[in-house]
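Structural overview for review
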Amino acid sequence: MENPTAMNKVWHKGLPFSPEVAPYLRRMALVDEHREALLRLQGVWDSLALLGQMSGTATDIAQTRSAFQDLTTTLLDSLARRLRKHALQRMEGRARVAIDILVRNLFERTADVGFLACDGPLCAHAALDPSDPAHADSRAALQARFRAYTAKYSVYDDIVVLSPRGEVLARQDDSIGLARCDEAWVAEALASDAPYVERYGNTALLGGRPGLIYARALKAPAGVNEVIGLLCLSFRLEDEMSAVFRQLLAGQDEHAVICLLDPQRRVLQSSDAWQIPPGARLRLDGERVLFAGRDYLCAAASASGYEGYMGPPGWTACVLTPLEWAFEADDEQGLGDELVRLAEAVDTSRLFDAELQSIPLEARRIQRNLSRTLWNGKLRSHAQADANPGGSGFATTLLNEVQRTGAQLRQVFEQAITKLQHSALSAVFDGALFQARLAIDIMDRNLYERANDCRWWALDVRLQRALAAQLGGPGTPQAAAAAAEASQVLQHINGLYTVYSLLLVFDLQGRVVAVSDPAQAHHVGQHISAPWVASSLNLRDPERHVVSRHEASPLYDTPGAVGGHADRPTYVYATSLQHAGQAVGGIAIVFDGEPQFAAMLRDSLPPASGDAAMQPAGLFVTRDGRVVASSDARWPAGSTAPLPAGIAASLAAGDTLRTELDIDGRVYAAGIAMSQGYREYRQGQAASGEDVAAVLLQPLGPRMPTQAGSADTGFAPPPAQAHDERLDIAAFSVAGEWLGLPAALLVEALEQPRLTALPNAPRALVGMLQHEGRMLPVLDLSLALYGHAGDTQEAPIVICRNERGQGLALRVQELGPVFSIAASQALPSPGGRVRLVRGAPAASHRMLTLLAADDLWAHIGGGESLRDPAVALPAP
């Protein structure tokens, strides 16, 4: 791994860090925790290295110490950058959701003002002269009509009609005693031909308070291009944003503040007015913001847009978290036992970037080098003990201490890496749940509008008259003219509200009288037999509506399909139309579900990564397991959801669940959120199979093969017995079995030396290497013993030399302990060619096979096999 240099780095407490994390390091307790542990151990390491140099023992551990130092720098910098990245991603996600939910809501308001500006009674009142005796009664009737509209749409706190001179002709809220509004924006709105005028700010029209108003000029009856007034709808912005803020901050990020900003970065709405009050101006020059003497981490987002509408110009949302709390969520993020188990059972490597994946690989490489260094040092120590029996004690103690310190360093690295990986895994589950909650909230808010639209449009007197005219018979000229007018009204409405594929009105027999789309005029005259038709015609309460099951409907055709149409699944909302106190028919609105649900899911999915196999999937699923919509082609609408039976049915309204799912050989993090409605929509309803949940599926990776047994596979030497003759053994493993040779025959271990191939050599003789000026044959013990090649990528090679001075290199799998026992503890095998050493109880008495050195050289010379047929050496 490349050693990070001081160039472009910022030093903090003796270590270099990337500049982008430097301002936050003193707030990152997790970084300090690991830094202190690693530096403490490296201090011990420095002392051991000095003792090794003074004594001539383990003089080459300085390189390992340097490698650990480099890895420490990489690990801590990676940890700091990941904490910063996670915090900013989490905050930016919430800022984006805040502004996008608002924009989706306001898009509906731009349509509402266009519809209501064509309302017959409203325009008739605006056309009346205020001195007309009928004006007072008309005003009272219009106020009642306003109340009927806002009873269905609680997003408005006032509806006002002004004259061309700014006089207040009628309003819902009579508590504001304003007679006339002369503000400049009123004149501009009266002169505008735009579909709507959007205006935010303090205004006398609302008693001097700030408000978001949607206005449209009222025109005289068709054929007369005369402005007769101005319609103003006052949106409950503070109420709406309070609900959005509560949802986004519920149960998490309790110290964060979400703000809605205007183009000048002035705060319009704030989730915490004590920290950042409305009216304050923020300087957003970067991700770090200073406000009122307090440092914040900040992430901002602009609107993504909806149906081409981008919201009020320049409006953005931002999330600010005090620096002292910005990194606490990652620091304190706990993992349940199930997630810990999952982290050990699933290959989640593709969740992490290349640097994070490289850290454990580098730690293992350093550990292999350390193990080789210690192995070589112990070989030298045992050789010195033969020459000077009293002088090896210090060297052995020092090497053991180096080994213990190295193990502690490795453990700290492993814990830090594991914590990083577990934190990332937990963040994936939390993200899946957050996105599922976002998806179901978007759906609830959208369908709230649909339920209100059909009831609102049922108040249109032109549609009421058109259906009343059908009572005298559909074939009369009066009925035909009324039906034509109704078609024009529906077409105008559908042009404003583009989320519908079709609007229609039908008579008391369920016969379609008029439709909004001339291309679908073939429906006119048809009788609809769906259950929702009769249910809607039975309604008498103007506040009620019915909705179909999510199912294929002949009213929702696939354009250009063979045979004229192919029914697609969607929702149809309907209610009755009443005229002169009696029901005269109904209105139905066909939701354009396919693209609209797709857009909802698209807006709620996290940003796509470059890895196609790791792309998340979003679904809307009914309580009984049917797919309403899906972003993944594997689960089309109407199919069965990839969920365990009953998992959605077990959730109450508003409940959420995070779990793991096995789908098509991969494990997914799943977030599931059940609909809870929005405002008055679906509040208090009993659970049914048609309730919808949002499901977010984030791929984690395949399950790893189950390991057979989790016991330690190392070899623990037996306690040395009192003896007259000592036997020094150097252990190593091959194909999972522990082997050994007398330590006196081993010179040193090398890591991945360069090999020269030998043409026409036996398969086990894998090449030659140069050592101390001599070319030595290299024997792969896995091939020689079992006939199967092991993993050679990390396999060390040990150099042997016999009493005759002949050299030989052995490729092994892993280096083991170098230890001493009584010669009598090495038991002869039944065949007599090798000896066996029984390990300590700590290793479950695992056996080590002590190879006969002469057999190794005999094998190189074409002699007998190394395998002793009397000794069980199982195939790998």
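Chains are numbered independently. Their residues run from 1 in the order of the written sequence. Under the rules for a predicted model, residues below a pLDDT of 70 receive no local features and side-chain atom pairs below 80 are neither given nor counted, while totals for whole chains, interfaces and linings still include all residues. Hydrogens and waters are ignored; side-chain quantities use all the structure's heavy atoms.

A look at the overall build of the chain
- Counting its secondary structure elements, the chain contains 17 helices and 35 strands.
- Buried residues in the chain amount to 52% of all 876 residues.
- Pairs of residues are marked as contacts when any of their non-hydrogen atoms sit within 4.5 Å. A sequence separation of at least 24 residues applies to 66% of the contacts in the chain between residues at least 6 apart.
- Using a 1.4 Å probe, accessible areas were evaluated by the Shrake-Rupley method; residue-level cover was limited to the displayed protein chains. Of the roughly 37800 Å² of accessible surface on the chain, 52% is carried by carbon and sulfur atoms. By definition, any uninterrupted DSSP run of H or I lasting at least four residues is a helix, any uninterrupted run of E lasting at least two residues is a strand, and each is numbered from the N terminus. Here the term buried applies to any residue with accessible area under 20% of the maximum for its type, exposed to any over 50%, and partly exposed to those in between, with areas from a 1.4 Å probe on protein chains only.

So, unusual backbone geometry
- If you check the backbone angles, Asn760 has positive phi at about 60° while not being a glycine.
- By the secondary structure assignment, Asn760 is in the loop between strand 27 (746-751) and strand 28 (765-771).
- Non-glycine residue Glu772 carries a positive phi angle of around 55°.
- Structurally, Glu772 is set in the loop between strand 28 and strand 29 (774-780).
- Under the relative-accessibility criterion, Glu772 is labelled exposed at 59%.

A look at the sheet that holds strand 24 (residues 692-701)
- What makes two strands pair is DSSP finding at least two bridges between them. Taken in spatial order, the five strands make up an open sheet running 21-20-24-23-22, and their pairing is antiparallel. Across the chains shown, the open sheet's two edge strands, defined by having one partner strand only, are strand 21 (627-630) and strand 22 (656-663). On average, each strand axis in the sheet is inclined to that of its neighbour by 25°, with strand direction left out of account.
- Where strand 22 and strand 23 (residues 666-674) come together, eight bridges link them in antiparallel fashion. Residue pairing across strands places Thr656 opposite Ala673, the latter belonging to strand 23.
- Throughout, an axis means a line fitted to C-alpha atoms (over the contacting stretch in the case of helices), and angles, computed between N-to-C directions, take values from 0 to 180 degrees. Along the sheet, helix 15 (residues 593-604) contacts strand 20 (617-622) and strand 21; its crossing angle with strand 20, the most-contacted strand, is approximately 125°.

Some remarks on the environment of His492
- Within the element layout of this structure, His492 appears in helix 13 (residues 477-496).
- Taking the C-alpha atoms as reference points, His492 and Asp517, 25 residues apart in sequence, are found 10.0 Å from one another.
- For His492, the contacting residues outside a window of four places in its chain are Gly114 and Cys118.

Some details on the environment of Pro753
- Secondary-structure assignment places Pro753 in the loop between strand 27 and strand 28.
- For Pro753, a relative accessible area of 23% translates into the label partly exposed.
- For the pair Pro753 and Ile797, spaced 44 residues apart in sequence, the C-alpha separation works out to 7.8 Å.
- When neighbours within four sequence positions are excluded, Pro753 is seen to be in contact with Leu769 and Ile797.

Here's the deal with the side chain of Arg626
- If you trace the backbone, Arg626 turns up in the loop between strand 20 and strand 21.
- Given a relative accessible area of 19%, Arg626 falls into the buried group.
- Nitrogen and oxygen atoms within 3.5 Å of one another constitute a polar contact, given that in protein one can donate a hydrogen and the other can accept it, and given that sequence-neighbouring residues count only through two side-chain atoms. A polar side-chain atom of Arg626 sits 3.4 Å from a polar atom in the side chain of Asp624.
- Residues contacting Arg626, with those up to four places away along its chain left out, are Arg549, His550, Phe620, Val621, Ser639, Gly689 and Glu690.

Quick notes on the pattern of salt bridges
- Salt bridges are counted wherever a side-chain nitrogen of Lys or Arg sits within 4 Å of a carboxyl oxygen of Asp or Glu. Within the structure shown, the criterion is met by 43 salt bridges.
- A salt bridge links Arg109 to Asp112; its shortest N-O distance comes to 3.0 Å. In this pair, Arg109 and Asp112 both sit in helix 2 (residues 61-116), three residues apart, roughly one turn of the helix.
- In this structure, Asp624 and Arg626 form a salt bridge, with 3.4 Å as the shortest nitrogen-oxygen distance.
- When salt bridges that share partners are traced, they join Arg549, Glu551, Asp624, Arg626 and Glu690 into one network.

Some thoughts on helix 3 (residues 120-127)
- Those residues of helix 3 not exposed but buried are Leu122, Cys123, His125 and Ala126. With its buried residues spanning 160° around the axis, helix 3 presents them on a single face. The arc under discussion is defined with respect to the helix axis, by the directions toward the C-beta atoms.

Points about the packing of aromatic side chains
- Aromatic rings from Phe, Tyr and Trp, taking only the six-membered ring of Trp, are treated as a pair when their centres fall within 6.5 Å; an angle between ring planes under 30 degrees marks them as stacked, one over 60 as edge-to-face, and anything in between as tilted. Per the stated rule, a full pass over the model turns up 18 aromatic pairs.
- Ring centres of Phe107 and Tyr309 lie 6.5 Å apart, and the angle between their planes is 45°; this geometry places the pair in the tilted category. Remark: Tyr309 occurs in the loop between strand 11 (294-302) and strand 12 (316-322) and Phe107 occurs in helix 2; sequence separation between them is 202 residues. Exposure class is identical for Phe107 and Tyr309. Each is buried.

Looking at the packing of helix 3 against helix 4 (residues 134-152)
- Running from amino to carboxyl end, helix 3 crosses helix 4 at an angle of 150°, the nearest separation of the two axes being 10 Å. By the criterion of interaxial angle, the relationship of helix 3 to helix 4 is roughly antiparallel. For the pair helix 3 and helix 4, the crossing hand works out as left-handed. Across the interface between the two elements, Pro121, Leu122 and His125 from helix 3 touch His135, Ser138, Arg139, Leu142, Arg145 and Phe146 from helix 4. Roughly parallel covers angles under 35 degrees, roughly antiparallel covers those over 145, roughly perpendicular covers 65 to 115, and oblique covers all other angles. For any helix crossing, the convention is left-handed if the near helix is rotated counterclockwise from the far helix by under a right angle, and right-handed if that rotation is clockwise.

Here's the deal with the sheet that holds strand 10 (residues 288-291)
- Spatially, 9-8-12-11-10 is the arrangement adopted by the five strands of the open sheet, whose pairing is antiparallel. The open sheet has two edge strands, strand 9 (267-270) and strand 10, and neither has a second partner. Pairwise comparison of adjacent strand axes, ignoring direction, gives a mean angle of 35° for this sheet.
- The sheet contact formed by strand 10 and strand 11 spans four bridges and is antiparallel. Bridge assignment links Leu290 to a residue of strand 11, and that residue is Asp295.

A word on the nonpolar core
- The set of buried Ala, Val, Leu, Ile, Met, Phe, Trp, Tyr and Cys residues whose side-chain atoms join them within 4.5 Å is what this entry labels a nonpolar core. Core analysis: the largest hydrophobic core is formed by 144 residues, its most contacted members being Leu231, Trp456, Trp457, Val505 and Phe620.
- Sorting elements by how many residues they give to this core places helix 2 first, with 24 residues.
- With 29 residues, the next largest nonpolar core counts Trp375, Leu783, Leu815 and Ala853 among its residues.

Structural notes on the packing of helix 12 (residues 461-468) against helix 13
- Look at helix 12 against helix 13: their axes get within 8 Å of each other, and the N-to-C directions meet at 150°. By the angle class used here, helix 12 and helix 13 are roughly antiparallel. Helix-helix and strand crossings are classified by hand; for helix 12 and helix 13 the assignment is left-handed. The segment helix 12 lies against helix 13, with Arg462, Leu463, Arg465 and Ala466 engaging Ala482, Glu485, Ala486, Val489 and Leu490.

Points about the pairing of strand 28
- Burial of strand 28 is extensive: five of the seven residues sit out of reach of the surface.
- Summarising the sheet, strand 28 and strand 29 pair through six bridges and their orientation is antiparallel. Looking across to strand 29, one finds that Leu765 is bridged to Leu779.
- Hairpin connection from strand 28 to strand 29: two residues lie between these consecutive antiparallel strands, with Glu772 at a positive phi of about 55°.

Digging into the environment of Ser553
- You can see Ser553 is positioned in strand 16 (residues 551-557).
- A C-alpha to C-alpha distance of 7.0 Å links Ser553 and Thr570, two positions 17 residues apart in sequence.
- Setting aside chain neighbours within four positions, we find Ser553 in contact with Asp567, Arg568 and Val572.

Details of the side chain of Arg568
- Counting through the fold element by element, Arg568 comes out in strand 17 (residues 567-570).
- Arg568 gets classed as buried once you look at its relative accessible area, which sits at 15%.
- Separated by 3.4 Å, the side chains of Arg568 and Glu594 make a polar contact.

A closer look at the confidence of the model for the chain
- Confidence scores per residue from the predictor, reported as pLDDT, run from 0 to 100. The predicted model of the chain has a mean per-residue pLDDT of 84, with 88% of residues at 70 or higher.
- Low pLDDT, under 50, characterises residues 1-5; the stretch is placed with 10 contacts to residues that sit more than four places away or in other chains.
- Long-range and interchain partners of residues 868-876, a stretch whose pLDDT sits below 50, account for 22 contacts in this model, where long-range means more than four residues apart.

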